[in-house]
Amino acid sequence: MKITVNGVEHTFEGDLSTPALWYVRDELALNGSKFGCGTGLCGSCTIHVDGEAVRGCLVSMEELDGKSVTTIEGLSEDGNHPVQVAWRQQNVPQCGFCQSGQIMQAASLLKTNPKPSDQEILDSMSGNICRCGCYQRIVSAVRQASTGA
Amino acid sequence: MLHQLESFARNSQSATGLALQAVLRKVAATEISRRGVLKGMSGFVLAAHFMPDTAQAFDAYPTQGLNMPHGVRNDPHIFVSIASDGQVSIVAHRSEMGTGARTSLPMIIADEMEADWDRVTIVQAEGDEPKYGNQDTDGSRSLRHHIQPCREIGAAIRKMLEMAAAKQWGVSDGMVEAIGHQVIHKTLGTRIGYGDLAESAMALETPARDRLRFKTDEEFRYIGKGQIQIYDLHDITTGKAVYGADVNLPGMKFAVIARPPVVGAMIKSVDDSAALAIPGVEKTIQIPVSPLGSKFKPLGGVAVIAKNTWAAIRGRDALKIEWDRGEHGSFNTPAYEKELRASVAQPGSSVRNQGDTEKALQSAAQTLTYEYYQPHLAHAPMEPPAAVASFKDGKCQIWAPVQSPYVARTDTASYLGLKPDDVRVNVTLLGGGFGRKSKADFATEAAFLAKQIGGAVKVQWTREDDIRNGYSHTSSVERIDVGIDADNKVTAWRHRSAAPSFLSTFVKDEGRQHEIEIGMGLENLPYAIDNISAEQCKAYAHTRIGWYRSVSNIPRAFAVQSATAELAVELGKDQKDFLIEMIGPDRILEAKASGLPGKFWNQYEPQEEFPFDTARLRAVAELAAEKAGWGKTLPEGEGLGIAVHRSFVSYIAMVVHARVEDGTVRVPEVHVAIDCGFAANPERIRSQMQGACVFGMSAALHQGLSFENGEVQQGNFNDYAMVRSDNFPEVVHTHIVPHPFSVHATGVGEPGVPPFIPALTNAIYNASGKRIRNLPIDNQLA
Ligand code: FES
Ligand code: FES
């Protein structure tokens, strides 16, 4: 099968049941996507498939044939996607482990809904757990990335 | 020599003794800097303030850091290097798990040495305590133990740079001053950059402490300001930050392990044929089973070695293993809870006996009994345990997210039969720790497997492994009996605790708690009551117990602060006023007067330097209440709850605003008042308080491990749920009590958790009339 990751096309000949998370981590050494639960419950592994946020631990390589995948490493060229900038300005991370997934989720939300309401932000981000408890700043950062304020 | 003088001085109350101590301070200061090891300072506590030769902004004070394994180091040559282009490298010898220690300690060095932060590179230390001093990042003590040595390192480097410049200009040291990454000639105004001075400055011997000039608080650029962002912020937000599982070595294999479902269960038989049939699986390797009491040794089991993580996971799931469940195979949570309740119904062994509590209870006009339960909990850091190890030519190298890399190194060496010199432990970032990652069993597993295959291997724990095979937070029943006289005055307070101890992880379980656990809110109730007793009652462990963020402070604060509010309701008093009344007159708690057989545990910090001051406890309670508008009228279904607790030598009060609706509780607002002495990095203090509220709310609302026939019933975030963005403490206001540097910095990472839970359950009571005595709350509000 063929898959495009961060703009680069790859061929994959391994076990097609492999979740995309393990493919990008183990085969491509793109380690920004994290393993937190393996069952779609935490969002640490969030990637974009054709622009939409997807849990990398749930989507298999079989489902990605011909698809274009973006990981945190490919979200922006210079690391200055508005969500990344807002994340830094709000000093969101504590340990940081969940943050790639949070940022990918937020970036996808703002792509489809550039001016989400507070409730829409909370709902959209609720699949992403932050064990360190950065939610207050996550919400502020999404709001900032959305409105610039 | 110093040691003998010191103990003489310590034991001497005479004027000569005090004078001698003052002299000794000087001797010590010189010695310390010369040796680069701060050892044996604890004798100088009582001394009159030592006036240094040059103006100093702070006098050294002893902390428990000096008594930790390998003590505290302040040798600038070990911690700082300067390149010829002026780039300053500073070693972070503590682990980063989200508290900010990896940034804050180097920041202190940078400030005191007048380095520009944007020209600082942080270098993470490997596990090497003989070189760096104690590295065990635990107990909320990184700042508490290292703020002084970091300032000493920084001031020494600044002095060395000034000496080098003065020599170059042929003037006295007093003619030059280091400011902003360069040294300036005071009269001519000429300047030399740090890069140009680096070689000559770093070749100098470390100046004695009494030759150093420390900054005044007003001169700090970074310390206390909260403007410095965490060092890894850019890497984290771009996916480049390296955690345990993010290390890849050439030819590395991937391992996932089937561990005993019950601690100590032995393997009866293994059928790995289905596992080996999975593409990518290469082989299986047995790891010897360790029984309860094996410290941080791997649990044992069967490892599946594969070409990638997915194959290893599938292979592990395909293993057919028959276990002999062993002595803990009949551990069942409902029965255990009954056992703990029965245990506190009987007298235990006394840990505190002030006045005559039994008599006071018997003669009380009324006695009230309150009992609180908390189940075992899992740390569940966002990053499940993972480690990489390689083994070559009899030497092992590990990359792992560990809180205590030197313990990981020595434990692994002894497990593998190697010398510590043959094991190297590199520390990655930790995706959360909370105490879990001070137990490096996962790193030792990786090292063991690397040795077996003679190469490199990554061990990945799944979330199920993490929740089922970790080191549980203790489960406890806390019972409080209160006696009240005819005038509604509280005359007696008896607190009994039954909770399996983390001692059971280290030695044969005798059903007794360790002094650390007793010290966390059992022996040190700060209430002005004549008769106070505390007892520990028997409880045996049936799973590995390990400290978890805030440890025994969690059940203690839950019990004491809930009982206080319950009692206020019983007596018809305002809960905040009654709490303040219970704390009573401002005083320093004295162990003897409190009926303790020895000293307060006090986080092992010297009582003289870190006293339990009830004025500070009262002040945070009043501050939180005032900021929250305690007493204001709230809509139906809403309420405020207050709780205060001192732990990790910090004082924290919280007022939680709860709204109870349709069986669920929401928390629109929390006011946190924290007195942690001098606040070195207020921005990270705020983030820790926000985090502590979320951590506490997860435990309060959702979490509990239950065991059936010795096996944990939960496995992932569906049945071990976390607070999420759809319901979390929405706005946490943190009010930091301002203090100068002279008020010793205490702890921040852990102490926010204990007061949150009772503040929440008290708020729930005030909102709904429902009193929570058993955690988690789960569907109790339905
Ligand atoms: S790892 Fe994919 S959702 Fe948790
Ligand atoms: S920052 Fe640690 S889990 Fe989110």
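Because the structure is a prediction, the values reported are computed rather than measured.

**Thoughts on the domain arrangement of chain B**
Residue and element names in this part refer to chain B. Segmenting chain B into domains produces domain 1 (2-235), domain 2 (244-327 + 385-460) and domain 3 (333-377 + 471-768). For domain 1 and domain 3, the distance between their C-alpha centroids amounts to 36 Å. Taken together, the 27 residues of domain 1 in the interface contact 28 residues of domain 3. Across the domain 1 to domain 3 interface the summed buried area is about 2,300 Å²; carbon plus sulfur atoms make up 58%.

**Remarks on the side chain of A:His48**
All names here are of chain A. Within the secondary structure layout, histidine 48 lies in strand E3 (residues 46-49). Assessed through its relative accessible area of 7%, histidine 48 is described here as buried. A polar contact is formed between the side chain of histidine 48 and the backbone oxygen of methionine 104, at a distance of 2.7 Å. Dropping the residues within four chain positions of it, histidine 48 is found in contact with Ala53, Ser68, Val69, Thr70, Leu75, Met104, Ala107 and Ser108.

**As for the domain arrangement of chain A**
Residues and elements named next belong to chain A. Split into domains, chain A comes out as domain 1 (2-74) and domain 2 (82-147). Computed over C-alpha atoms only, the centres of domain 1 and domain 2 are separated by 20 Å. Between domain 1 and domain 2, the residue contacts involve 17 residues of the former and 14 residues of the latter. Summed over both partners, the interface of domain 1 with domain 2 comes to about 1,200 Å²; 56% of that surface belongs to carbon and sulfur atoms. Looking only at domain 1, the three residues that lose the most surface to domain 2 are Lys34, His48 and Ile72, adding up to 36% of its buried area. Counting across the interface, domain 1 meets domain 2 through 7 residue pairs in polar contact (both at pLDDT 80 or more).

**Topic: the environment of A:Val83**
By secondary structure assignment, the location of A:Val83 is in helix H2 (residues 82-89). For the pair A:Val83 and A:Ala107, spaced 24 residues apart in the sequence, the C-alpha separation amounts to 6.2 Å.

**Examining the packing of aromatic side chains**
As enumerated under the stated definition, the model contains 25 aromatic pairs over all chains in all. The structure contains a cluster of three or more aromatic residues connected by ring pairs, namely B:Phe58, B:Phe214, B:Phe220, B:Phe678 and B:Phe741. Geometry around B:Phe434 places A:Arg131 over its ring, the cationic atom sitting 5.5 Å from the centre. Of note, B:Arg549 hangs over the ring of B:Phe695, and the distance from its end group to the ring centre comes to 5.0 Å.

**A look at helix H17 (residues 553-571) of chain B**
Residues and elements named next belong to chain B. End to end, H17 covers 26 Å across 19 residues, agreeing with the expected 27 Å (1.5 Å per residue, within 8%). In terms of burial, H17 is a largely internal element, 17 of the 19 residues being buried. Directly beyond the C-terminal end of H17, a positive phi value near 70° is found at glycine 572.

**Focus: the interface of chain B and chain A**
The interface is formed by 63 residues belonging to chain B together with 50 residues belonging to chain A. For the interface between chain B and chain A, the tally reads 4 salt bridges. Among the secondary structure elements, those contributing two or more residues to the side of chain B that touches chain A are helix H8 (233-238), helix H10 (309-318), strand E19 (456-460), helix H15 (463-468), helix H20 (682-701) and strand E28 (731-736) of chain B.

**Remarks on the sheet that holds strand E25 (residues 664-675) of chain B**
Residues and elements named next belong to chain B. Spatially, E23-E24-E25-E28 is the arrangement adopted by the 4 strands of the open sheet, whose pairing is mixed. With partners counted over all chains shown, the strands left at the sheet margins are strand E23 (638-647) and E28, one partner each. In this sheet, neighbouring strand axes are inclined to one another by 15° on average, regardless of whether the strands run parallel or antiparallel.

**So, the sheet that holds strand E17 (residues 395-400) of chain B**
Residue and element names in this part refer to chain B. The mixed open sheet is built from 7 strands, whose spatial order is E11-E12-E9-E19-E16-E17-E18. Across the chains shown, the open sheet's two edge strands, defined by having one partner strand only, are strand E11 (281-287) and strand E18 (423-427). Neighbour-to-neighbour, the strand axes of this sheet turn through a mean angle of 25°, independent of strand direction. Relative to strand E12 (residues 301-306), E11 runs antiparallel, the two being bridged by 6 bridges. Bridged to glutamine 286 within E12 is valine 302.

Criteria and cut-off values
- Residues numbered from 1 in each chain as written.
- Chains lettered and ligands numbered in written order.
- Predicted model: local features only at pLDDT ≥ 70, side-chain atom pairs only at ≥ 80, totals over all residues.
- Heavy atoms only, no water.
- Domains from an automatic or database assignment.
- Contact = heavy atoms within 4.5 Å.
- Buried area = accessible area lost by both parts, 1.4 Å probe.
- Helix = DSSP H or I, 4+ residues; strand = E, 2+ residues; numbered from the N terminus.
- Buried < 20%, exposed > 50% of the residue type's maximum accessible area, 1.4 Å probe, protein only.
- Polar contact = N/O pair within 3.5 Å; in protein donor to acceptor, adjacent residues only side chain to side chain.
- Phe/Tyr/Trp six-rings, centres within 6.5 Å; stacked < 30°, edge-to-face > 60°.
- Lys NZ or Arg CZ within 6 Å of the ring centre and 35° of its normal.
- Expected span 1.5 Å × (residues − 1).
- Salt bridge = Lys/Arg side-chain N within 4 Å of Asp/Glu carboxyl O.
- Pairing = 2+ DSSP bridges.
- Axes fitted to C-alpha atoms, helices over the stretch in contact; angles between N-to-C directions.

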